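Topology and contacts: notes
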Number of protein chains: 4
Amino acid sequence: MQVQTETDPKISAHLLQRFNEVRKFSVSLAKPLSEEDCCIQSMPDASPMKWHLAHTTWFFETFILERFEINFRPYHQAYRVLFNSYYNGVGQKHPRAQRGLLSRPSTNEVIAYRHNVDMRMGALLERAISNDSVSESILDLISLTELGIQHEQQHQELMLTDIKHMLSMNPLFPAYENSLPVRHRSSLENADKVTWISLDAGVVMIGYDAISFCFDNEIPRHRQFVEAFSMASRLVTNAEYAVFIDAGGYRNPVHWLAEGWDWVRNQGLTQPLYWYRPDDKLWHEFTLHGLQRLDPQAPAIHLSYFEADAYAHWAGARLPTEFEWEMAATTSSSSAQLLQLFGTAWQWTSSSYAPYPGFVAAEGVVGEYNGKFMVNQYVLRGSSCVTPVGHTRTTYRNFFSVGARWQFTGIRLAKSI
Amino acid sequence: MQVQTETDPKISAHLLQRFNEVRKFSVSLAKPLSEEDCCIQSMPDASPMKWHLAHTTWFFETFILERFEINFRPYHQAYRVLFNSYYNGVGQKHPRAQRGLLSRPSTNEVIAYRHNVDMRMGALLERAISNDSVSESILDLISLTELGIQHEQQHQELMLTDIKHMLSMNPLFPAYENSLPVRHRSSLENADKVTWISLDAGVVMIGYDAISFCFDNEIPRHRQFVEAFSMASRLVTNAEYAVFIDAGGYRNPVHWLAEGWDWVRNQGLTQPLYWYRPDDKLWHEFTLHGLQRLDPQAPAIHLSYFEADAYAHWAGARLPTEFEWEMAATTSSSSAQLLQLFGTAWQWTSSSYAPYPGFVAAEGVVGEYNGKFMVNQYVLRGSSCVTPVGHTRTTYRNFFSVGARWQFTGIRLAKSI
Amino acid sequence: MQVQTETDPKISAHLLQRFNEVRKFSVSLAKPLSEEDCCIQSMPDASPMKWHLAHTTWFFETFILERFEINFRPYHQAYRVLFNSYYNGVGQKHPRAQRGLLSRPSTNEVIAYRHNVDMRMGALLERAISNDSVSESILDLISLTELGIQHEQQHQELMLTDIKHMLSMNPLFPAYENSLPVRHRSSLENADKVTWISLDAGVVMIGYDAISFCFDNEIPRHRQFVEAFSMASRLVTNAEYAVFIDAGGYRNPVHWLAEGWDWVRNQGLTQPLYWYRPDDKLWHEFTLHGLQRLDPQAPAIHLSYFEADAYAHWAGARLPTEFEWEMAATTSSSSAQLLQLFGTAWQWTSSSYAPYPGFVAAEGVVGEYNGKFMVNQYVLRGSSCVTPVGHTRTTYRNFFSVGARWQFTGIRLAKSI
Amino acid sequence: MQVQTETDPKISAHLLQRFNEVRKFSVSLAKPLSEEDCCIQSMPDASPMKWHLAHTTWFFETFILERFEINFRPYHQAYRVLFNSYYNGVGQKHPRAQRGLLSRPSTNEVIAYRHNVDMRMGALLERAISNDSVSESILDLISLTELGIQHEQQHQELMLTDIKHMLSMNPLFPAYENSLPVRHRSSLENADKVTWISLDAGVVMIGYDAISFCFDNEIPRHRQFVEAFSMASRLVTNAEYAVFIDAGGYRNPVHWLAEGWDWVRNQGLTQPLYWYRPDDKLWHEFTLHGLQRLDPQAPAIHLSYFEADAYAHWAGARLPTEFEWEMAATTSSSSAQLLQLFGTAWQWTSSSYAPYPGFVAAEGVVGEYNGKFMVNQYVLRGSSCVTPVGHTRTTYRNFFSVGARWQFTGIRLAKSI
């Protein structure tokens, strides 16, 4: 699946260490949660915490242990189906919308499943480390383990976005934890000052070119022509977005894509997800720390593509393409001036999620990882405050459909010049 | 709401004892369950175990403590909304289909809520018992407490039907418990012998006439004319129903009501809920004890009105009216010959759920208990193997809509003669 | 299907004359309409005028010509499917909701189809008339012809209700015709005076007992016990219903059945179908004559069962049962005092549509005529201003589901006494 | 809206002539149809023929007559709403899905509306022609008239696709006409031979650059970098597509986008729209000439984006981007070798419909023409056998959503090299 990865077996000791750290971090995310918190699926797009913990384990068991372990026997026959997300090549799947109907296995049983697979993965990796020669098979093992680690990191972000959504459905507005193991998103001190960084037209190289890991959707590295444009130095703030609302943004079709306007009206939307105005007074926002006053300097998040596009239209700007974003983020003169590129909020681009020229999906089942989703999705660039540390690249392509709001998604404006 | 109840204050000591027993029994039903089991809502028609435990408590708090307790303060402001089932008179309700999205309050917090209300109810009832004179207010208290007890017993049956449905959604087919606190439904020894009990035409008295408790839908006691008919001595068995299936019962529209045929086809139904034929071999049935071989002598259950009506049509018979059923169950010559009237399975009647002549809903909010559901529902008579002991009357009117299958519902045939 | 009918062959000459008159009347109803008017299906419950004209013809062709005509050949093979309404026994049916997608056959082609079948039916009936002996087969022919005539009369009412609905969907509010071949519904001169007619309790005979035609759902004639009640002398007027609206009738759940309240809210209803208040001023009503000022003395119509029940609840009364209605309409002392029993508006009863004791559906395909609809429908009694003359009986049982509003349906109140 | 158009007033005489020809051609397309044919809307995405005839007229009346005509008075107040397609700036719109519920105005009334607007447009244009000086206003008039003509030509193609769909819903499979005023799509003589035309990587100019008319979505002309690729010399044929079907194409998820596979399964699709296999024998295809044997050499059409993408995947190729397509069609060495670029079938590209760099929507209401649809649509290039003659450009960007099948849409394959 991933095309390039560390293939030096000497570094697989480091790989085992990273494997163990990432696996532990997932479990730590469940610490503040009750069994009930871990069990609920608040909407078909979200999954229960327990399911994430099991599915990421299933990934290692199915794609690595089953292939490399001698005398492999599945941990539990039914898990093969229950925790298959979308891999048709593996066989049957439990229906996605019914993930919240499973009281068994319990969270504790899932944790036991994790321990079992961790132990077997450890044994497998240690055997590979101690091996003198580097076979094709060992390279495959390393490469798939790296993919499994990256895959689990993707789910760590989803765990937090799904937990937030689940808690938000409760009128009690419970907080995830006070001592939260995730960062606050950065609030700027001088958010009122936005500058526009300009870039000249030209052919740019797009896509991953280093020798470490990337997903298959980030390559082949190839050329794109980008016309001259400028890009905002920071993300749109809550204060700015509130002005859009007050200016009737959700009531005027002129700013919206036709499909976006239908979306607004069919759902009767008047504000971003998680925004509340108790007693019609001050804006509040539901966060992983509970309901809080809206911070005007913080970037506006949990916005759909439709909202991002409408805001940009209203503001006399537009969303950047993913090529513009990558160009700006990789050109030293511009990237130095751009705030909040990573670790704050994913940034919608106007680029539909599509294969790069020459894209070839991986062989076998892991080929289903990315390619089959390349339709009716839009690319997001950067990373968010709940993206795991180290899971960030300038070439990273996140993607969601146009109505998705439960991710930490914000707006960086651009303009043609 | 209930029209007649024990009003002798001397017996309110007995009432307190019954209150405590019934309240404890509800909690005991949750004993075999994990927190996750108690949290899930498997379909909009069903509720989480935890919700049942809270709602039955809310009933006492809202309709009794709030009215009779001095210096009443609600246990938790949000519970007023979260655990209101359908009483518009009380105010807002949490949406029914979202009862499974609440990880908080936890089951333990709900148990604490129960203890608090039980304690306060106990104090209230003891004060009433020790009172010398019998005021109107004390009679109301007794009457509403009785209603609350009966209401909780109704929910005890729903707890088990909803748990069964929730467990059935899990491909692991978990059992509720081996030492189940509910009865098996009776399996007859000679189920192949059915006799037809005939009754002559005549005017019969229908409805409750004793001085104990009944629901308001069982009165006024009044006259109905019933033409001559005969009724089967026992319920239709699994073996008999399997013949209907094998004869193409689910594939031939001629046996079905038009709306029933649409229901069969739109859902692609071929057998009762909970029936499975692993590897296309022997029939099995999901039960509270797990997946088991189908007992041919046991009554067929979990049948919708549509299925009951189609089976009756195919068998050259029909469903009884609720008046025929009550007449047969209360006429000594016939009732002695009728097996499985109670404690096995609710029995569909062809009677639409309607008010008896002169029906008046109770004043105030409890008037919403029954009357507003009297449309597009059909009456079931008898009681089932999961109906609490003591919650059974010949005049009892249970009711469900035509497609409901998750209750313990079976078929008793009748014929006009 | 029909159980009793004129079986004297001497009167079959009269039958032929009635056949011809009824068939001509259907065509005359299409006279004011354009081809486009005849083609549109405004909702799945309604059918295009053209379809009604073809289906009633298909009925004679399929159930009579195919059986009795020597060397029968279908007029058009495809019509067998296209114009089959719901008879599974005949074979395939064109999907009901797609009746408006058929531009061919044209209305003129359907008229030609009618002429062809009329001619062949005429020949068949004349041959039967001239026959000396009365065979079983001739009696069947007479009986089925009578059924076909009655069936076509039922559709004549549906033609007008469906045309009205179709025209109402057009913002131009076109009138059906100025010289309308249907009666206005009667407007009372002293509508403010309503009297209550009381009847004593007793056993009454219910169902058809004459020797002329009736549908199978009107028999067997049998006994019912009816408790004492009183019934309003006339239907609820527009003026009275407007008071209910002004009193917040559509905003207060207390008056509504639970399912009815969901119905009101899900559709955002605030008034009867066809009521409009241009510029928030005076009430108007869309009629077959176009948009007109609401006549306060005229009976309120186009009300669903839910609305009828809610109004009755608000007015401190209830709907009558169908047995009460029939008893009142057939008891000479009361029927003389009851206005608007027939020819004004169908009157909702609280009786679910169910088979009479001993009901047996006709053998063969025509057995699908009535019985299979006996669930989740409520009985209406009387007849409306668009019911064909002569198609009226005190035992007639019309039926619709609880949300139907496009029929000429009104409210007669009753009370238990 | 259009950015460039003929602005020389001397040629506005020619404009009037073209206006008259195009307007007449629309009416001629309705000639073979009955009033009923013109009235039906077979699905929400399609419109009745009558509506197309009225809407294209409304376009001239609203955007030209209302602005330029002295003493303008609308032809009919209600038409302003009834025939507004999606212009929020003009005010209210009749709901799109209800266009088939309007029997009035009749087709003849719509024709009269057309005559009236044509006459007034003619007067307006002649006055402009005879004007000595060329004012800004006259240039606007010419420009908007050109837009109205192009707009009507777009609807001429939709009229035929919508008529075809409507007729296909009829089991009688009526033909549109024998002497059809539209071309057959070309069937190749040697369809088995496909060659691959290669193009080198490079920066290409994309978008319209001539001085005649184009839509705003075709500009600004700008630079794109295109990596080396090859493109098939002709479209995929029916014979080739049938092999895909026989190879289990519709049963194997491996070829499909995830969303496409859901689409296939939810609708139970097994073949292209309009393909039939009577008695499971030879493939037939519903055409505007009626049901016909499938021509194996003709290009496969009426394919959705999902089907086009799945076929390409199965065939070891992919869809071209719109830039590749335009580059190949405008490079003389390749365009000479490419068959069926125009006049056969629209060709799906893998490019999501997006604004070109620097895109600015027109001011005012006509700015709603294109820009607001730029999401979740895919670009098609070329033109089809039902595209009006003269309505074809290498830069033309047609677009539909991924499940659309009722347009004349086919597949041209590409490969990265």
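Residues numbered from 1 in each chain as written. Chains lettered and ligands numbered in written order. Predicted model: local features only at pLDDT ≥ 70, side-chain atom pairs only at ≥ 80, totals over all residues. Heavy atoms only, no water.

Looking at an unreviewed UniProt entry, chain A carries the name Ergothioneine biosynthesis protein EgtB, with the source organism given as Solimicrobium silvestre. Per its UniProt entry, chain A bears the Pathway (unreviewed entry) comment "Amino-acid biosynthesis; ergothioneine biosynthesis." (UniProt positions renumbered as here; feature names shortened; annotations may be inferred.)

Notes on the sheet that holds strand E11 (residues 409–410) of chain A
Strands belonging to one sheet form pairs held by backbone hydrogen bonds; the direction of such a pair is parallel or antiparallel. Residue and element names in this part refer to chain A. Taken together, four strands build an open sheet; the order of strands is E10-E9-E8-E11 and the sheet is mixed. Here the strands that pair on one side only, and so sit at the sheet edges, are strand E10 (398–400) and E11. Of the pairings in the sheet, the one linking strand E9 (residues 378–381) to E10 comprises three bridges and is antiparallel in character. The partner of Leu-380 across the bridge, within E10, is Asn-398. (Pairing = 2+ DSSP bridges. Helix = DSSP H or I, 4+ residues; strand = E, 2+ residues; numbered from the N terminus.)

Examining the interface of chain B and chain A
Taken together, the contacts link 29 residues of chain B with 29 residues of chain A. Each partner contributes to the roughly 2300 Å² buried at the junction of chain B and chain A, and carbon and sulfur atoms together form 59% of this total. Connecting chain B to chain A are four salt bridges. With a shortest N-O distance of 2.7 Å, Asp-37 of chain B and Arg-104 of chain A are connected by a salt bridge. Connecting chain B to chain A are 10 residue pairs in polar contact (both at pLDDT 80 or more). (Contact = heavy atoms within 4.5 Å. Buried area = accessible area lost by both parts, 1.4 Å probe. Salt bridge = Lys/Arg side-chain N within 4 Å of Asp/Glu carboxyl O. Polar contact = N/O pair within 3.5 Å; in protein donor to acceptor, adjacent residues only side chain to side chain.)

Quick notes on the sheet that holds strand E7 (residues 290–293) of chain C
Residues and elements named next belong to chain C. With antiparallel pairing, three strands are arranged side by side in an open sheet as E5-E6-E7. With partners counted over all chains shown, the strands left at the sheet margins are strand E5 (275–276) and E7, one partner each. Pairing between strand E6 (residues 284–287) and E7: four bridges, direction antiparallel. Bridged to His-284 within E7 is Arg-293.

Remarks on the relation of the copies chain A and chain D
Overlaying chain A on chain D yields an RMSD of 0.0 Å, the required transformation being a rotation through 180° with an accompanying axial translation of 0.0 Å. The two molecules are tied by a two-fold rotation axis, judged by turn and shift. Most of the interface of chain A is mirrored in chain D, where 100% of its interface residues again form contacts. (Least-squares fit on C-alpha atoms with pLDDT ≥ 70 in both.)

Section: unusual backbone geometry
A cis amide bond, omega -5°, links Arg-104 of chain C with the succeeding residue Pro-105 of chain C. Within the element layout of this structure, Pro-105 of chain C appears in the loop between helix H3 (79–82) and helix H4 (107–129). For Asp-280 of chain D, which is not glycine, the phi torsion reads 55° and is therefore positive. Inspection of the secondary structure puts Asp-280 of chain D in the loop between strand E5 (275–276) and strand E6 (284–287). Residues other than glycine seldom take positive phi values, yet Gln-340 of chain D does so here, at roughly 60°. Relative to the assigned elements, Gln-340 of chain D resides in the loop between helix H10 (332–335) and strand E8 (346–352).

Considerations on the domain arrangement of chain A
Residues and elements named next belong to chain A. Entries for chain A in the domain assignment read domain 1 (9–168) and domain 2 (196–416). Placing the centre of domain 1 and that of domain 2 at their C-alpha centroids yields a distance of 28 Å. Listed as interface residues are 28 residues of domain 1 and, on the opposing side, 27 residues of domain 2. In terms of surface lost to domain 2, no three residues of domain 1 exceed Tyr-86, Glu-157 and Lys-164, which account for 29% of the buried area on that side. On the surface where domain 1 and domain 2 come into contact, there are zero salt bridges. On the surface where domain 1 and domain 2 come into contact, there are 16 residue pairs in polar contact (both at pLDDT 80 or more). The set of elements that each furnish at least two residues to the side of domain 1 that touches domain 2 consists of helix H3 (49–68) and helix H6 (136–168). Taken together, the residues that form the side of domain 1 that touches domain 2 break down as 13 nonpolar, 10 polar and five charged. (Domains from an automatic or database assignment. Nonpolar A, V, L, I, M, F, W, Y, C, P; charged D, E, K, R; others polar.)

Here we look at the UniProt feature "domain: DinB-like" (unreviewed entry) in chain A
Those places that UniProt annotates as "domain: DinB-like" (unreviewed entry) correspond, in this numbering, to residues 20–159 of chain A. Structurally, residues 20–159 of chain A comprises 62% helix and 0% strand, and the distance from its first C-alpha atom to its last is 18 Å.

With respect to the UniProt feature "domain: Sulfatase-modifying factor enzyme-like" (unreviewed entry) in chain A
The sites that UniProt annotates as "domain: Sulfatase-modifying factor enzyme-like" (unreviewed entry) are residues 195–334 of chain A. Taken end to end, residues 195–334 of chain A has its terminal C-alpha atoms 11 Å apart, with 29% of it in helix and 20% in strand.

What about the pattern of salt bridges?
Within this structure, the stated rule accounts for 80 salt bridges over all chains. Of the charged contacts in the structure, one is a salt bridge between Glu-146 of chain D and Arg-18 of chain D, with a shortest N-O distance of 2.8 Å. Residue Glu-146 of chain D is located in helix H5 (residues 136–168), and its partner Arg-18 of chain D is located in helix H1 (residues 12–30); the two are separated by 128 residues in the primary sequence. Arg-114 of chain D is the salt-bridge partner of Glu-152 of chain D, the closest N and O atoms lying 2.7 Å from each other. A residue pair is termed long-range when its members are at least 10 positions apart, and Glu-152 of chain D in helix H5 and Arg-114 of chain D in helix H4 (residues 107–129) qualify at 38 residues. Classification of Arg-114 of chain D by relative accessible area gives buried; the value is 1%. Salt bridges here are not isolated pairs; linked through shared partners, they connect Arg-23, Arg-114, Asp-118 and Glu-152 of chain A. (Buried < 20%, exposed > 50% of the residue type's maximum accessible area, 1.4 Å probe, protein only.)

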